[in-house]
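# Breakdown of the fold
For reference, the chains in residue letters:
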Amino acid sequence: TQFFYLLHNIKRLGFHPGYPGLLGKGIYFVDSPVGAYIKSNCESKTALIIVCLNLGRVKKVNESHHEYNYQYAKKHHFESAEISNLRSGFVTQDK
């Protein structure tokens, strides 16, 4: 199925930034299955991947910052960002 194909590619190639979100282009994670369902950007919502994250230095903000990306985060010395009141964030990746 498509899920196993995608899972195989994630295992082989790693996660890659998708569409830009509230915090720019990054890899977004949430802390609950409900959050994943609400924020996922796909038609088929039949699978959930659970991961353990090392967020590194987290930049906490109170509003969106569409300009964030790997280069911006590296220049400003953080690896991930979180919008505090939304409990949402992203992790940068060197790609």
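Rules behind the numbers
- Residues numbered from 1 in each chain as written.
- Predicted model: local features only at pLDDT ≥ 70, side-chain atom pairs only at ≥ 80, totals over all residues.
- Heavy atoms only, no water.
- Helix = DSSP H or I, 4+ residues; strand = E, 2+ residues; numbered from the N terminus.
- Contact = heavy atoms within 4.5 Å.
- Areas by Shrake-Rupley, 256 points an atom, 1.4 Å probe, with all protein chains shown as cover.
- Expected span 1.5 Å × (residues − 1).
- Pairing = 2+ DSSP bridges.
- Right-handed = clockwise from strand over helix to strand, strands pointing away.
- Patch = residues over 30% accessible without salt bridge, like charges linked within 9 Å, V, L, I, M, F, W, Y side chains within 5 Å.
- Salt bridge = Lys/Arg side-chain N within 4 Å of Asp/Glu carboxyl O.
- Buried < 20%, exposed > 50% of the residue type's maximum accessible area, 1.4 Å probe, protein only.
- Polar contact = N/O pair within 3.5 Å; in protein donor to acceptor, adjacent residues only side chain to side chain.
- Core = buried A, V, L, I, M, F, W, Y, C linked by side-chain atoms within 4.5 Å.
- Phe/Tyr/Trp six-rings, centres within 6.5 Å; stacked < 30°, edge-to-face > 60°.

### Examining the overall build of the protein chain
Along the backbone of the protein chain there are three helices and four strands. Each helix and strand of the protein chain, ordered N terminal to C terminal, gives the series α-β-α-β-α-β-β. Of the contacts made within the protein chain by residues no fewer than 6 positions apart, 49% connect residues no fewer than 24 positions apart. Approximately 7,300 Å² of the protein chain is accessible, and the part contributed by carbon and sulfur atoms is 57%.

### Quick notes on helix H1 (residues 2-13)
For an α-helix, the turn length of 3.6 residues means that residues three or four places apart are oriented alike. Under the 1.5 Å per step criterion, the end-to-end length of H1 is 16 Å for twelve residues, consistent within 8% with the ideal 16 Å. Within two residues after H1, Gly-14 carries a phi angle of roughly 85°, on the positive side.

### Observations regarding the pairing of strand E3 (residues 80-83)
With four bridges joining them, strand E2 (residues 58-61) and E3 adopt parallel strand pairing. Bridge pairing links Val-58 to Ser-80 in E3. Between E2 and its parallel partner E3, the chain crosses via helix H3 (residues 70-75), and the hand of that crossover is right-handed.

### A short note on a nonpolar patch on the surface
Together, Phe-4, Leu-7, Ile-49, Val-51, Leu-53, Leu-55 and Val-58 make up an exposed nonpolar region whose accessible area comes to about 540 Å². Mapped onto the elements, Phe-4 comes out in helix H1.

### Points about the side chain of Ser-80
By secondary structure assignment, the location of Ser-80 is in strand E3. On the accessibility criterion, Ser-80 (2% relative accessible area) is buried. Here the side chain of Ser-80 touches Leu-55 through a polar contact of 2.8 Å, landing on its backbone oxygen.

### Brief notes about the pattern of salt bridges
For the coordinates displayed, the defined rule picks out two salt bridges. With a closest N to O distance of 2.6 Å, Glu-79 and Arg-57 form a salt bridge. Placement of Glu-79 in the loop between H3 and E3 and of Arg-57 in the loop between helix H2 (33-39) and E2 is noted, with a sequence separation of 22 residues between them. The partly exposed category is assigned to Glu-79, whose relative accessible area is 27%.

### Quick notes on the nonpolar core
Judged by nonpolar contacts, Leu-23, Val-61, Tyr-68, Ala-73, Phe-78, Ala-81 and Ile-83 together constitute the single largest core of seven residues. The residues contacting Val-61, other than those within four sequence positions of it, are Leu-23, Tyr-68, Glu-82, Ile-83 and Ser-84.

### Here's the deal with the packing of aromatic side chains
In the structure shown here, the tally under the stated rule is four aromatic pairs. Between Tyr-68 and Tyr-72, the aromatic rings sit 4.9 Å apart at their centres with planes inclined by 25°, giving stacked as the arrangement. Centroid distance Tyr-68 to Phe-78: 5.3 Å. Interplanar angle 55°. Geometry classified as tilted. Placement of Tyr-68 in the loop between E2 and H3 and of Phe-78 in the loop between H3 and E3 is noted, with a sequence separation of ten residues between them. Comparing Tyr-68 with Phe-78 shows no difference in burial state: the two are buried. Each member of the aromatic cluster is reached from another via a ring pair, and the members are Tyr-68, Tyr-72 and Phe-78.

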